[in-house]
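Structural overview for review
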Amino acid sequence: MTRTATTENFPVASWLIARKHRRPIMAFYRFARTADDIADNIGLSPTDKLAQLEAMRASLVGEAETSPPAVALRDVLATRGMDARHPLALLEAFRRDATNPRIASWADLIGYCRVSAMPVGRFVLDVHGEDRATWPASDALCAALQIINHVQDCRDDYRDLNRIYIPADWLASGAVPVASLGGPRSPASLRIVLGRMVQATDDLLRDSSGFADLLHSRRLSLEVAVIHRLATSLNQRLHDRDPLRDRVHHGRLATLRLTIGAVIGQMLGASE
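Reference entry: report on the structure contained in this document. Computed from a prediction, not measured in an experiment: that's the story for all the values here.

So, about the pattern of salt bridges. Any two side chains of opposite charge can pair, on the condition that their charged atoms come close. Inspection of the entire model under this criterion finds 13 salt bridges. The partner of Arg-74 in a salt bridge is Glu-65, and the shortest N-O contact between them spans 3.0 Å. The exposure class assigned to Arg-74 is buried, which follows from its relative accessible area of 19%. With a shortest N-O distance of 3.0 Å, Asp-83 and Arg-85 are connected by a salt bridge. Take Asp-83: its relative accessible area is 39%, and that puts it in the partly exposed class.

Take a look at the structure:
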């Protein structure tokens, strides 16, 4: 099922973001969602996917007009005086996805996050005019969000798209059969490997724990606090649940409760 801004795990330009910044963020999101849908389209060959992603790149940089989401983002970037470095980096991730690669190691996974996740946070920070000294904390949070998605979706990624975002060397060292990713529940060996990923994601969340406090934009700091709270909760669920068997995603009530708690906590912390 194609995701939308309202069905993602984490907020996308929510009401917490100032209205003047929502248009560029949503333009970036629509660009990313279009590219993601191309890379995930099981009816397209890798060659066709790469051709369509190249058309998006050409439209983004003004060499073509064939991709409306890319043209729309190009116009937004021009209006805001921003360059295309972040969406161009994102296209590199989708090119990798289009060829259904394997992740060799944890370092390789973080390298993938550098093009698939970190550009998103950096774009939002640039839209708000935030200091680029905040990028490391943003990178850690965005990598955590990406890896949480990979862990909770590992069965569907394997079954539907023949993709594995779990480090191959970890699977090999644990003697985990790749086919076990398509099963109804994780065998003990796979649970150990997924547990390593969840624990490593805990470290990323700790590295980004002070991110919201670094931001000048009060509204963005609230958004970041909410995202961090939701990510921490999801990662805790992954400690406790088997993503092949159990529901991990938050329901609406849990999301609302965590959102309110994060907003109140951030506001009280900022007032001290």
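What follows is about the packing of aromatic side chains. Aromatic rings in a pair are described by how distant their centres are and how their planes are angled relative to each other. One pass over the structure, following the stated rule, counts 3 aromatic pairs. The interplanar angle of 20° and the centroid separation of 4.3 Å between the aromatic rings of Phe-28 and Phe-123 together place this pair among those described as stacked. Linking Phe-28 in helix α1 (residues 19-39) with Phe-123 in helix α6 (residues 118-127), this pair joins segments that are 95 residues apart in sequence. Taken as a pair, Phe-28 and Phe-123 share a single burial class, namely buried.

Let us look at the side chain of Asn-235. Within the secondary structure, Asn-235 is located in helix α11 (residues 218-240). Note on Asn-235: relative accessible area 1%, which makes it buried. Sequence-distant contacts of Asn-235, that is, excluding residues within four places in its chain, are made with Ile-148, Val-198, Thr-201, Asp-202 and Leu-205.

Rules and cut-offs
- Residues numbered from 1 in each chain as written.
- Predicted model: local features only at pLDDT ≥ 70, side-chain atom pairs only at ≥ 80, totals over all residues.
- Heavy atoms only, no water.
- Salt bridge = Lys/Arg side-chain N within 4 Å of Asp/Glu carboxyl O.
- Buried < 20%, exposed > 50% of the residue type's maximum accessible area, 1.4 Å probe, protein only.
- Phe/Tyr/Trp six-rings, centres within 6.5 Å; stacked < 30°, edge-to-face > 60°.
- Helix = DSSP H or I, 4+ residues; strand = E, 2+ residues; numbered from the N terminus.
- Contact = heavy atoms within 4.5 Å.

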